[in-house]
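Each chain is listed here by its residues.
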Amino acid sequence: MSSQDQLDRWNERFAIAGVASIVAGNGGLPKVLITTQGASAEIYLHGAQLTSWRPAGFEEVIFLSGQSRWEEGKAIRGGIPVCFPWFRAKSDNPKAPAHGFVRTRTWRLESISQESDSVVVSLSTETDEESRQWWPFACRAVLKITIGATLRLDFSVNNTGADSFSFEEALHTYNRVGEAGSVRIAGLDGVSFLDNRKVNERKVQAGEVQLAGATDNAYLDTRSAVEILDPVLKRRIRLEKENSLTTVVWNPWSEDAAKLADLGDDEWEQFACVEASNILGSPVLLAPGEDHTMTAVIRVSQKTD
């Protein structure tokens, strides 16, 4: 079946006139385009990755690198990658893909529907023979993305095998900002965190987080909302979450950005990653037949202070 024939089939089944369509995106990879009065968005089937969300009245909220690779087997740099079933490098196999294997595979488009003022896109993927070379367990993962004035992501994992397993997960959100060094991140004061830049040295956050260099922090036992206060774009981005016990804050700064071939040398200034996760000492354990859902909710508003 040709690529155009596949797009035609998807559109016959899932398109909503004037609201949702499936088109060829960068590198010919299929993407879902959403346009409503409340927001617009783009979601690639590759990695089930949302790469754009623009609520009405605001500039783009999600950062996407101009140097991103658009190829099968390669991760998209920016957007909201799904990290699963491990985060960062795999502890027992340095040759395994960083952040797991689901962000570089094509997910199945399950449904597109309108619910009130929002559009809901559901995608799924399952473990298979290829994934078992990295991870020996069986599961089905579903990502439900609700697009409107608020963005909501529900990432669900169901253990479809005969053995219990544990996993890490993250919705690795690249929040677009005016200037990384100018933003303040509120909501983590007094929270213990592990500094991956210093071999996971344990520290305690004092006041707001202010990025002043390469940052890779995992904030522990935190369920509260976090806000990115952006004086350049004059807005605040609020992250709320459910069933998530860690919050990651990441920016490579100039020194680490230069090592990333799919990130422009100055693009690190345009984003701050703040993400719902369950990593390190907070993995999720699932018995056979059990499931787990982690939720991230993102809102944007005008900054008033």
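As the structure is a computational prediction, the values presented were derived from the model and not from experiment.

*Asks:* Can you walk me through the overall build of the protein in this structure?
*Replies:* Along the protein, the regular secondary structure elements total two helices and 23 strands. Taken over the C-alpha trace, the protein has a radius of gyration of 19 Å; the compact-globule value for 305 residues is 19 Å, and the two agree within 12%. Sorting the 305 residues of the protein into buried and exposed places 53% on the buried side. With an accessible surface of roughly 13200 Å², the protein has 44% of that area assigned to carbon and sulfur atoms.

*Asks:* Please clarify how empty space enclosed by the protein should be interpreted in this entry.
*Replies:* It is a probe the size of a water molecule, rolled over the atoms, that shows where empty space is left. In total, this model carries two cavities of 30 Å³ or more according to the counting rule given. Roughly 50 Å³ of internal volume is contained in the largest cavity. Taken together, T173, N175, V226, E227, I228, I237, R238, L239, V274 and I298 make up the lining of the largest cavity. Considering only enclosed or pocket space, the second largest cavity measures out at about 40 Å³ in volume. Lining the second largest cavity are F84, F101, V102, R105, T125, E126, T127, C139 and A141. Elements with a minimum of two residues in the lining of the second largest cavity: strand 7 (118–126) and strand 8 (139–147). Tallied by class, the residues present in the lining of the second largest cavity amount to five nonpolar, two polar and two charged.

*Asks:* Can you walk me through the layout of surface pockets in this structure?
*Replies:* Estimated volume of the largest pocket: approximately 700 Å³. Contributing to the lining of the largest pocket are 30 residues, with R77, A98, H99, R103 and L260 lying nearest its centre. When residues of the lining of the largest pocket are traced back to their parent elements, those giving at least two are strand 17 (215–220) and strand 20 (246–251). Per-element accounting of the lining of the largest pocket gives the leading share, three residues, to strand 20.

*Asks:* It is not clear to me how the pattern of salt bridges should be interpreted in this structure. Could you clarify?
*Replies:* Any two side chains of opposite charge can pair, so long as their charged atoms come close to each other. If you walk through the whole model with that rule in mind, you get 20 salt bridges. Linking D154 and R152 is a salt bridge whose minimum nitrogen-to-oxygen distance equals 2.9 Å. Classification of D154 by relative accessible area gives buried; the value is 8%. Salt bridges sharing partners connect three or more residues here, namely E227, R236, R238, E240 and R299.

*Asks:* Can you help me understand helix 1 (residues 3–14) in this one?
*Replies:* Over its 12 residues, helix 1 extends 16 Å from the first C-alpha to the last, a length consistent with the 16 Å expected when each residue adds 1.5 Å. Within the sequence span of helix 1, burial applies to L7, W10 and F14. What you see down the axis of helix 1 is that its buried residues fit within an arc of 65 degrees, all on one side. Of the exposed residues in helix 1, those oriented more than 90 degrees away from the buried face are R9, E12 and R13. Against the buried residues of helix 1 lie strand 1 (20–24), strand 2 (30–35) and strand 6 (108–115).

*Asks:* Looking at this structure, how should I read the sheet that holds strand 7?
*Replies:* To summarise the sheet geometry, strands pair through backbone hydrogen bonds and adopt either a parallel or an antiparallel arrangement. In space, the nine strands of this open sheet follow the order 6-7-8-9-23-19-18-13-16, with antiparallel pairing throughout. Both edges of this open sheet fall to strand 6 and strand 16 (209–210), since each of them pairs with a single strand only. Examined bridge by bridge, strand 8 and strand 9 (residues 151–159) share nine bridges and lie antiparallel to one another. What sits directly across from L143, in strand 9, is F155.

Calculation rules
Residues numbered from 1 in each chain as written. Predicted model: local features only at pLDDT ≥ 70, side-chain atom pairs only at ≥ 80, totals over all residues. Heavy atoms only, no water. Helix = DSSP H or I, 4+ residues; strand = E, 2+ residues; numbered from the N terminus. Rg over C-alpha atoms; globule rule 2.2 N^0.38 Å. Buried < 20%, exposed > 50% of the residue type's maximum accessible area, 1.4 Å probe, protein only. Areas by Shrake-Rupley, 256 points an atom, 1.4 Å probe, with all protein chains shown as cover. 1 Å grid on protein atoms, 1.4 Å probe; cavity = no way out; pocket = protein on both sides within 12 Å on 5 of 7 lines; lining within 4 Å. Points joined across faces, edges and corners; volume = space filled by probe spheres on them. Nonpolar A, V, L, I, M, F, W, Y, C, P; charged D, E, K, R; others polar. Salt bridge = Lys/Arg side-chain N within 4 Å of Asp/Glu carboxyl O. Expected span 1.5 Å × (residues − 1). Arc of directions from axis to C-beta. Contact = heavy atoms within 4.5 Å. Pairing = 2+ DSSP bridges.

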